[in-house]
Amino acid sequence: SLHAPVVLLSGACATVVACLGVCPAEVVRIRMVSRPEAYGGGSDLGGALAALRAEAEAAGAPLRSLLYSGFRPLVLRQVIFGMIKFFTFDFVVGAVLEVAPQLGDSAQTELLLSLGAGLVAGVASSLISQPADTILSRMNRGAAAAATASSASTAAAAATAAT
(Lines give C-alpha, C1' and ligand atoms only; values in the text may rest on other atoms or scores of the structure.)
Protein backbone atom coordinates (compact mmCIF):
# COMPACT_ATOMS: atom_id res chain seq x y z
CA SER A 1 0.00 0.00 0.00
CA LEU A 2 1.18 3.51 -0.77
CA HIS A 3 -0.76 5.09 2.07
CA ALA A 4 2.24 5.74 4.36
CA PRO A 5 4.52 7.19 1.64
CA VAL A 6 1.69 9.44 0.44
CA VAL A 7 1.10 10.73 3.98
CA LEU A 8 4.84 11.35 4.48
CA LEU A 9 5.12 13.10 1.09
CA SER A 10 2.06 15.21 1.92
CA GLY A 11 3.65 16.27 5.20
CA ALA A 12 6.89 17.18 3.45
CA CYS A 13 5.16 19.16 0.69
CA ALA A 14 2.90 21.03 3.11
CA THR A 15 5.91 21.90 5.23
CA VAL A 16 7.91 23.27 2.30
CA VAL A 17 4.99 25.47 1.28
CA ALA A 18 4.56 26.67 4.87
CA CYS A 19 8.29 27.47 5.07
CA LEU A 20 7.90 29.89 2.15
CA GLY A 21 5.80 32.07 4.44
CA VAL A 22 7.58 31.29 7.71
CA CYS A 23 11.16 31.93 6.57
CA PRO A 24 10.93 35.74 6.22
CA ALA A 25 9.13 35.96 9.55
CA GLU A 26 11.85 33.85 11.20
CA VAL A 27 14.60 36.06 9.77
CA VAL A 28 12.90 39.19 11.11
CA ARG A 29 12.14 37.58 14.48
CA ILE A 30 15.67 36.30 15.00
CA ARG A 31 17.20 39.67 14.19
CA MET A 32 14.72 41.51 16.42
CA VAL A 33 15.53 39.18 19.33
CA SER A 34 19.30 38.91 18.85
CA ARG A 35 19.98 42.61 18.16
CA PRO A 36 16.95 44.60 19.30
CA GLU A 37 18.85 47.91 19.29
CA ALA A 38 19.52 47.61 15.55
CA TYR A 39 16.17 46.11 14.57
CA GLY A 40 13.31 48.25 15.82
CA GLY A 41 14.01 47.99 19.53
CA GLY A 42 12.75 44.42 19.51
CA SER A 43 9.12 45.48 19.13
CA ASP A 44 8.83 47.83 16.13
CA LEU A 45 8.25 45.71 13.02
CA GLY A 46 8.47 48.73 10.71
CA GLY A 47 11.85 49.68 12.18
CA ALA A 48 13.08 46.09 11.83
CA LEU A 49 12.02 45.96 8.17
CA ALA A 50 13.73 49.29 7.49
CA ALA A 51 16.92 47.95 9.08
CA LEU A 52 16.67 44.81 6.95
CA ARG A 53 16.24 46.90 3.79
CA ALA A 54 19.31 48.92 4.74
CA GLU A 55 21.26 45.72 5.44
CA ALA A 56 20.28 44.32 2.04
CA GLU A 57 21.27 47.55 0.27
CA ALA A 58 24.62 47.62 2.09
CA ALA A 59 25.27 44.03 0.98
CA GLY A 60 24.20 44.87 -2.58
CA ALA A 61 21.61 42.10 -2.46
CA PRO A 62 17.86 42.14 -2.96
CA LEU A 63 15.80 42.12 0.22
CA ARG A 64 14.20 38.86 -0.90
CA SER A 65 17.55 37.03 -0.78
CA LEU A 66 18.14 38.29 2.76
CA LEU A 67 14.65 37.27 3.89
CA TYR A 68 15.14 33.75 2.50
CA SER A 69 18.79 33.35 3.56
CA GLY A 70 17.83 30.75 6.17
CA PHE A 71 15.45 28.79 3.95
CA ARG A 72 17.51 25.60 3.61
CA PRO A 73 18.18 25.05 7.33
CA LEU A 74 14.58 25.94 8.14
CA VAL A 75 13.22 23.46 5.59
CA LEU A 76 15.57 20.73 6.80
CA ARG A 77 14.41 21.22 10.36
CA GLN A 78 10.72 21.65 9.60
CA VAL A 79 10.30 18.87 7.02
CA ILE A 80 11.22 16.26 9.60
CA PHE A 81 8.71 17.81 12.01
CA GLY A 82 5.96 18.02 9.38
CA MET A 83 6.39 14.48 8.08
CA ILE A 84 6.32 12.98 11.57
CA LYS A 85 3.33 15.12 12.54
CA PHE A 86 1.26 14.12 9.48
CA PHE A 87 2.20 10.44 9.79
CA THR A 88 1.52 10.26 13.54
CA PHE A 89 -1.80 12.11 13.21
CA ASP A 90 -2.94 9.76 10.44
CA PHE A 91 -1.78 6.69 12.37
CA VAL A 92 -3.52 7.73 15.63
CA VAL A 93 -6.80 8.55 13.88
CA GLY A 94 -6.72 5.25 11.98
CA ALA A 95 -5.89 3.22 15.08
CA VAL A 96 -8.59 4.83 17.21
CA LEU A 97 -11.24 4.47 14.50
CA GLU A 98 -10.28 0.81 14.05
CA VAL A 99 -10.82 0.15 17.76
CA ALA A 100 -13.84 2.44 18.19
CA PRO A 101 -15.46 3.12 14.77
CA GLN A 102 -18.45 4.82 16.42
CA LEU A 103 -16.20 7.84 17.14
CA GLY A 104 -16.46 8.74 13.45
CA ASP A 105 -20.25 8.92 13.56
CA SER A 106 -20.66 12.47 14.90
CA ALA A 107 -18.96 15.77 14.27
CA GLN A 108 -18.31 16.26 18.00
CA THR A 109 -16.46 12.98 18.46
CA GLU A 110 -14.56 13.49 15.20
CA LEU A 111 -13.46 16.90 16.49
CA LEU A 112 -12.33 15.41 19.81
CA LEU A 113 -10.51 12.63 17.95
CA SER A 114 -8.75 15.20 15.76
CA LEU A 115 -7.81 17.23 18.82
CA GLY A 116 -6.37 14.20 20.61
CA ALA A 117 -4.54 12.94 17.53
CA GLY A 118 -3.14 16.41 16.91
CA LEU A 119 -1.89 16.59 20.49
CA VAL A 120 -0.17 13.20 20.20
CA ALA A 121 1.26 14.09 16.78
CA GLY A 122 2.61 17.42 17.98
CA VAL A 123 4.33 15.89 20.99
CA ALA A 124 5.77 12.99 18.96
CA SER A 125 7.07 15.23 16.17
CA SER A 126 8.64 17.61 18.67
CA LEU A 127 10.41 14.79 20.47
CA ILE A 128 11.67 13.25 17.24
CA SER A 129 12.71 16.47 15.49
CA GLN A 130 14.39 18.08 18.52
CA PRO A 131 17.78 16.36 17.98
CA ALA A 132 17.82 17.52 14.34
CA ASP A 133 16.96 21.05 15.46
CA THR A 134 19.80 20.99 17.99
CA ILE A 135 22.30 19.75 15.39
CA LEU A 136 21.26 22.45 12.88
CA SER A 137 21.48 25.15 15.56
CA ARG A 138 24.99 24.03 16.50
CA MET A 139 26.01 23.91 12.84
CA ASN A 140 24.69 27.45 12.34
CA ARG A 141 26.49 28.66 15.47
CA GLY A 142 29.68 27.00 14.26
CA ALA A 143 29.40 28.64 10.84
CA ALA A 144 28.78 32.02 12.44
CA ALA A 145 31.77 31.58 14.77
CA ALA A 146 33.97 30.53 11.85
CA ALA A 147 32.88 33.58 9.85
CA THR A 148 33.59 35.86 12.82
CA ALA A 149 37.02 34.26 13.35
CA SER A 150 37.83 34.61 9.65
CA SER A 151 36.82 38.29 9.68
CA ALA A 152 38.91 38.90 12.79
CA SER A 153 41.99 37.21 11.31
CA THR A 154 41.58 39.13 8.04
CA ALA A 155 41.32 42.40 9.98
CA ALA A 156 44.37 41.51 12.07
CA ALA A 157 46.37 40.64 8.93
CA ALA A 158 45.34 43.91 7.32
CA ALA A 159 46.34 45.86 10.44
CA THR A 160 49.70 44.08 10.53
CA ALA A 161 50.30 44.76 6.85
CA ALA A 162 49.45 48.42 7.31
CA THR A 163 52.15 48.87 9.99
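Residues numbered from 1 in each chain as written. Predicted model: local features only at pLDDT ≥ 70, side-chain atom pairs only at ≥ 80, totals over all residues. Heavy atoms only, no water.

### So, the overall build of the protein chain
Thought 1: Each helix and strand in the protein chain was counted, giving five helices and zero strands.
Thought 2: Listed N to C, the secondary structure of the protein chain is α-α-α-α-α in terms of helices and strands.
Thought 3: Burial analysis of the protein chain (163 residues in total) assigns 21% to the buried set.
Thought 4: Accessible surface for the protein chain amounts to roughly 10500 Å². Of this, 69% is attributable to carbon and sulfur atoms. (Helix = DSSP H or I, 4+ residues; strand = E, 2+ residues; numbered from the N terminus. Buried < 20%, exposed > 50% of the residue type's maximum accessible area, 1.4 Å probe, protein only. Areas by Shrake-Rupley, 256 points an atom, 1.4 Å probe, with all protein chains shown as cover.)

### Comments concerning the packing of helix H1 (residues 3–34) against helix H2 (residues 45–59)
Helices that pack against each other are described as a pair by the angle of their axes relative to one another and the distance between those axes.
Thought 1: Packing of H1 against H2 brings their axes to within 10 Å, and their N-to-C directions diverge by 100°. In terms of orientation, H1 and H2 fall into the roughly perpendicular class. The segment H1 lies against H2, with Val27, Val28, Arg31 and Met32 engaging Leu45, Ala48, Leu49, Leu52 and Glu55.
Thought 2: Partitioning the contact of H1 with H2 into residue classes produces seven nonpolar, no polar and two charged. (Axes fitted to C-alpha atoms, helices over the stretch in contact; angles between N-to-C directions. Parallel < 35°, antiparallel > 145°, perpendicular 65-115°, else oblique. Contact = heavy atoms within 4.5 Å. Nonpolar A, V, L, I, M, F, W, Y, C, P; charged D, E, K, R; others polar.)

### What to know about H2
In an α-helix, one turn spans 3.6 residues; hence positions three or four apart end up facing the same way.
Thought 1: For H2, with 15 residues, the first-to-last C-alpha span of 21 Å sits near the 21 Å given by 1.5 Å per residue.
Thought 2: Every buried residue belonging to H2 is among Ala48, Ala51, Leu52 and Ala56, and all of these are buried. What you see down the axis of H2 is that its buried residues fit within an arc of 140°, all on one side. Among the exposed residues of H2, those pointing more than 90 degrees away from its buried face are Glu57 and Ala58.
Thought 3: Where H2 is buried, its residues contact H1 and helix H3 (63–67). (Expected span 1.5 Å × (residues − 1). Arc of directions from axis to C-beta.)

### Side note on the pattern of salt bridges
Thought 1: Across all of its chains, the model carries two salt bridges by this definition.
Thought 2: Among the salt bridges present, the one from Arg29 reaches Glu26, with a minimum N-O distance of 3.1 Å. Remark: Glu26 and Arg29 occur in helix H1; sequence separation between them is three residues, near one turn of the helix.
Thought 3: When its relative accessible area of 42% is taken as the criterion, Arg29 is described as partly exposed.
Thought 4: Judged by its relative accessible area of 19%, Glu26 is buried.
Thought 5: Between Arg31 and Glu55 there is a salt bridge whose closest N-O contact spans 3.1 Å. Of this pair, Arg31 sits in helix H1 while Glu55 sits in helix H2, and the two are 24 residues apart along the sequence. (Salt bridge = Lys/Arg side-chain N within 4 Å of Asp/Glu carboxyl O.)

### Digging into the packing of aromatic side chains
Thought 1: Per the stated rule, a full pass over the model turns up one aromatic pair.
Thought 2: Measuring from centroid to centroid gives 6.2 Å for Tyr68 and Phe71, while their planes differ by 65°, and the two rings are edge-to-face.
Thought 3: Among the residues examined, Tyr68 registers a relative accessible area of 31% and is labelled partly exposed. (Phe/Tyr/Trp six-rings, centres within 6.5 Å; stacked < 30°, edge-to-face > 60°.)

### Description of the side chain of Thr88
Thought 1: Looking at the secondary structure, you find Thr88 in helix H4 (residues 71–99).
Thought 2: Excluding anything up to four places from it in sequence, Thr88 contacts Val120, Ala121 and Ala124.

### Comments concerning the packing of H1 against H4
Thought 1: Direction vectors running N to C along H1 and H4 enclose 140°, while the axes themselves pass 7 Å from each other. Taken together, the axes of H1 and H4 are oblique relative to one another. Here H1 runs over H4; the crossing is right-handed.
Thought 2: Tallied by class, residues from the contact of H1 with H4 come to 17 nonpolar, six polar and three charged. (Left-handed = near helix turned anticlockwise from the far one by under 90°.)

### So, the environment of Pro131
Thought 1: Mapped onto the elements, Pro131 comes out in helix H5 (residues 107–162).
Thought 2: When the C-alpha atoms of Pro131 and Arg77 are compared, they prove to be 9.6 Å apart, with 54 residues separating the residues in sequence.

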